[in-house]
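Summary of the model geometry
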Amino acid sequence: EPEVTQTPSHQVTQMGQEVILRCVPISNHLYFYWYRQILGQKVEFLVSFYNNEISEKSEIFDDQFSVERPDGSNFTLKIRSTKLEDSAMYFCAPRRASSKNIQYFGAGTRLSVL
Amino acid sequence: AQTVTQSQPEMSVQEAETVTLSCTYDTSESNYYLFWYKQPPSRQMILVIRQEAYKQQNATENRFSVNFQKAAKSFSLKISDSQLGDTAMYFCALYMNRDDKIIFGKGTRLHILP
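The structure displayed is predicted, hence computed values, not measured ones. (Residues numbered from 1 in each chain as written. Chains lettered and ligands numbered in written order. Predicted model: local features only at pLDDT ≥ 70, side-chain atom pairs only at ≥ 80, totals over all residues. Heavy atoms only, no water.)

Now for the nonpolar core. All names here are of chain B. Within the largest apolar cluster, 28 residues are counted, with the highest numbers of intra-cluster contacts made by Leu21, Tyr32, Trp36, Phe75, Leu77, Tyr90 and Leu110. Those elements giving two or more residues to this core turn out to be β2 (10-14), β3 (19-21), β5 (32-39), β6 (46-52), β8 (64-69), β9 (74-79), β10 (88-96) and β12 (108-113). The element best represented in this core is β10, accounting for 5 residues. Apart from the residues within four sequence positions on either side, Leu21 is in contact with Gln8, Met11, Trp36, Phe75, Ser76, Leu77, Tyr90, Thr108 and Leu110. (Core = buried A, V, L, I, M, F, W, Y, C linked by side-chain atoms within 4.5 Å. Buried < 20%, exposed > 50% of the residue type's maximum accessible area, 1.4 Å probe, protein only. Helix = DSSP H or I, 4+ residues; strand = E, 2+ residues; numbered from the N terminus. Contact = heavy atoms within 4.5 Å.)

Another point: the layout of surface pockets. Unoccupied space between atoms shows up once a probe the size of one water molecule is rolled over them. Of the volumes computed, that of the largest pocket is approximately 340 Å³. Around the largest pocket sit 20 residues that line it, and Lys42, Val43 and Glu44 of chain A together with Ile103 and Phe104 of chain B are the ones nearest its centre. Those elements that provide at least two residues to the lining of the largest pocket are β5 (43-50) of chain A together with β1 (3-5) and β11 (101-104) of chain B. Top contributing element to the lining of the largest pocket by residue count: β11 of chain B, with 4 residues. Its residues assigned to classes, the lining of the largest pocket comprises 8 nonpolar, 8 polar and 4 charged. Size it by volume and the second largest pocket reaches roughly 280 Å³. What lines the second largest pocket is a set of 17 residues, among which Gln37 and Gly40 of chain A together with Gln39, Met89 and Arg109 of chain B lie closest to the centre. Elements with a contribution of two residues or more to the lining of the second largest pocket: β10 and β12 of chain B. Here the residues of the lining of the second largest pocket sort into 7 nonpolar, 6 polar and 4 charged. (1 Å grid on protein atoms, 1.4 Å probe; cavity = no way out; pocket = protein on both sides within 12 Å on 5 of 7 lines; lining within 4 Å. Points joined across faces, edges and corners; volume = space filled by probe spheres on them. Nonpolar A, V, L, I, M, F, W, Y, C, P; charged D, E, K, R; others polar.)

What follows is about the packing of aromatic side chains. Summed over the entire model, instances satisfying the criterion amount to 18 aromatic pairs over all chains. Between Tyr35 of chain A and Phe104 of chain B, the ring centres sit 5.9 Å apart and the planes meet at 85 degrees, which makes this aromatic pair edge-to-face. Taken together, the residues Tyr35 of chain A in strand β4 (residues 29-37) and Phe104 of chain B in strand β11 connect one chain to another. Seen from their ring centres, Tyr33 of chain B and Tyr95 of chain B are 6.2 Å apart, and the 55 degrees between their planes marks the pair as tilted. (Phe/Tyr/Trp six-rings, centres within 6.5 Å; stacked < 30°, edge-to-face > 60°.)

Time to look at unusual backbone geometry. Cis rather than trans, the peptide bond between Thr7 of chain A and Pro8 of chain A has omega equal to -10 degrees. Structurally, the position occupied by Pro8 of chain A is in the loop between β1 (4-7) and β2 (10-13). If you check the backbone angles, Asn51 of chain A has positive phi at about 55 degrees while not being a glycine. Not every positive phi belongs to a glycine, and Arg43 of chain B is a case in point at roughly 75 degrees. Of note, Arg43 of chain B is situated in the loop between β5 and β6.

Set out below in structure tokens:
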């Protein structure tokens, strides 16, 4: 059984629009990670989040991106003004505090920017 | 910089055969973990097997096993008695405690032929 649910499974949006991708952990996770996979390419780290703060972010994670945990449960990734090159699969991967290295990937959200 | 290299972009084997996927990595850290993830056409990332760098014994999960050669920085995945459901992209990945993020290789597309 998956540790995390991601919604929506597929998001289609127009260039310049804002999108919010959601991640709902099932278990008690304290650490959250977002990864991105452009079609046909490898999975890339975007950002890690712990205790309501960004722990680390990659160079991909520019000012257009933001993350938050608004209600203490859901974890969201927002892209403020989408670009064509943002089209990708976005994976949320939470981790329990007791598990130092195991990140449980969600099924992903496919983002299509037109 | 830490890197993960998968030199086989694509492989095909007959059902029930054994197949080995190659992976090499580079890190200066001594404390790290290695993973193999499976990504079927649904594009979900599924953890297949993991190996702690400090353990000499190779990890095994049913039909999946690894050959971990720490000195050579090699981490190959062996799939025994391959099944049609094993058809997927397989990603080798490296996690270091210091960075707290996963670095992926470019993947190997594996086709199991009936």
